[in-house]
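Breakdown of the fold
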Amino acid sequence: MGFKNSSPALNMPTTKHSFGLPAAAPAVAYSAGETKTYGLDYFLKAALAGGICCSVTHGALTPVDVVKTRMQLDPITYNRGMLGGFSQVVKNEGAGALLTGLGPTAFGYFIQGWFKFGGVEFFKIQAVKALGEEAGWNNRNAIYLGSSAAAETIADIFLCPLEATRIRLVSNPTYASSTMAAMSKMAAEEGIIGGFYSGFGPILFKQVPYTMAKFAVQGIAAEQIYTSMGTSPAASTPSTNISVSLLSGVIAGVSAAIISHPADTLLSKVNKAGAGGSGSIASRLYNIAAETGFVKLCTTGLGARCVMIGTLTAGQFGIFDIVMNAVGASKFHFHDPKSSH
């Protein structure tokens, strides 16, 4: 099983289906001896699926994120745990406060998911095309890490302004009446860089390791699950593949949440007006870290974030597979050319 190295599409002897399948056709993993082409249409479908899965999951978990952010920004007031935090927000501000920042969250993470999932598919397929199938299989973990780091860096350029706006609205619900009003006010008061990209360093520090762990751990976990079942994606039904994505997504989400939590806390704090003083971004981050302490950076709100990210990541990989099925795209999987599956 080898590659037909053509451009711009990547031809792989994987499945006789093309990407022009009707929406109702099930997406199938490739199998030996058949030809599969990964071209622009595949990457666009993967980007669309990524945008939808990230927007839906992050939007649905907005109430959890509101409480988590309050716990990080004001741990003295919000000191009763996750459930207690929900009660405090509802009691003090009404149930509607739990949806604060829903607009920038849903839109921002659609854009981020578009570039992240679409980018990961693009970079990993191009890596396998360049290396060859056997070398790609042998170096799949490095490919997961490299492709996810590159895709996330690109995605964060677009996410950062909306994430800064979301945090500003969550930390100060009276700051503006809408997402666009908040962005206009932040730009006028603080400028583009100060208002929207003061947290770019922390968001990279948080999101890049998070995404690297997310995709690498999910890939390894899914592989181990299939091995324990004595099967492979190609030999499994779509429902089985989605179930594996959900379970491996939980494992990946919790791992990624723990790794990225200190930077998540810094990001929440640095986007709060006046946090860390009035110096450079680096000095503000240093001041915030010194004031908070390493242990609190690693643990404040961690339980809530593990629940949130574990659920969110499982949902993302599950929805990604569902949307890929719906648009008739056969998801790319690394394949051991020596395997009988």
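Nothing here was measured: the structure is a model prediction, and the numbers come from that model. Along each chain, the written sequence defines residue order, and numbers are assigned to residues from 1. Residues qualify for local features only when their pLDDT is at least 70, as the model is predicted, and side-chain atom pairs are given and counted only at 80 or more; totals for whole chains, interfaces and linings, by contrast, use all residues. Only heavy atoms go into the side-chain values, all of them from the structure, while hydrogens and water stay out.

In this section: helix α6 (residues 140-171). Segments assigned H or I by DSSP are reported as helices when at least four residues long, segments assigned E as strands when at least two residues long, and all are numbered from the N terminus. Each residue after the first adds 1.5 Å to the expected span of a helix. For α6, spanning 32 residues, the distance from its first C-alpha to its last is only 41 Å, which falls clearly below the expected 46 Å at 1.5 Å a residue. The angle separating two fitted axes, one through the seven residues that finish at a residue and one through the seven that start at it, defines the bend at that residue. At leucine 159, α6 shows its largest kink, close to 45°, and the proline proline 161 lies no more than four residues downstream.

Before going further, it helps to examine a nonpolar patch on the surface. Together, Leu40, Leu44, Leu48 and Trp114 make up a nonpolar patch on the protein surface, roughly 360 Å² of accessible area in all. Of all the elements, helix α1 (residues 40-60) adds the most residues to the nonpolar patch, at three residues. On the secondary structure map, leucine 40 appears in helix α1. Residues with no salt bridge and a relative accessible area higher than 30% make up the patches, which join like charges within 9 Å and nonpolar side chains (Val, Leu, Ile, Met, Phe, Trp, Tyr) within 5 Å. Here the Shrake-Rupley method, with its probe set to 1.4 Å, supplies the accessible areas, and only the displayed protein chains count as covering residues. When a carboxyl oxygen of Asp or Glu lies within 4 Å of a side-chain nitrogen of Lys or Arg, that pair is called a salt bridge.

Low pLDDT marks stretches whose predicted atomic positions should not be read closely. Each residue carries a pLDDT score, the predictor's confidence in it, ranging from 0 to 100. Chain-level pLDDT for the protein is 83 on average; 88% of the residues reach the 70-or-more range. Considering each helix and strand of the protein separately, the mean pLDDT is smallest for strand β1 (residues 10-12), with a value of 51, and largest for α1, with 95. Overall, residues 1-9 carries pLDDT values under 50, and its contacts beyond four positions in sequence, including any with other chains, amount to 27 contacts. Between two residues, a contact is recorded if the distance between any of their heavy atoms is within 4.5 Å. Considering only residues more than four positions removed or in separate chains, one finds that residues 13-34, a stretch of pLDDT under 50, has 65 contacts.

All right, on to the packing of aromatic side chains then. Only Phe, Tyr and Trp rings take part, Trp by its six-membered ring, and two of them pair if their centres are within 6.5 Å. Stacked means planes under 30 degrees apart, edge-to-face means over 60, and tilted covers everything else. Within the structure shown, the criterion is met by 14 aromatic pairs. Aromatic side chains phenylalanine 43 and phenylalanine 122 sit 5.2 Å apart centroid to centroid with 75° between the ring planes, which places their arrangement in the edge-to-face category. With phenylalanine 43 in helix α1 and phenylalanine 122 in helix α4 (residues 102-131), the pair connects residues that are 79 residues apart, well separated along the chain. Judged by its relative accessible area of 11%, phenylalanine 43 is buried. With a centroid separation of 5.4 Å and an interplanar angle of 75°, the aromatic rings of phenylalanine 122 and phenylalanine 123 are classed as edge-to-face. A relative accessible area of 28% places phenylalanine 123 in the partly exposed class. Grouping aromatic residues by their ring pairs yields a cluster made of Tyr38, Tyr42, Phe43, Phe122, Phe123, Tyr144, Phe332 and Phe334. Charge-over-ring contacts are defined here by two conditions on Lys NZ or Arg CZ: a distance within 6 Å of the ring centre and an angle within 35 degrees of the ring normal. The ring of tryptophan 137 has arginine 140 sitting right over it, with the charged end atom 3.8 Å from the ring centre. The ring centre of tyrosine 175 lies 5.2 Å from the NZ or CZ of arginine 168, which sits over that ring. Note on exposure labels: buried denotes an accessible area under 20% of the residue type's maximum, exposed denotes more than 50%, and partly exposed covers the range between, all computed with a 1.4 Å probe on protein chains only.

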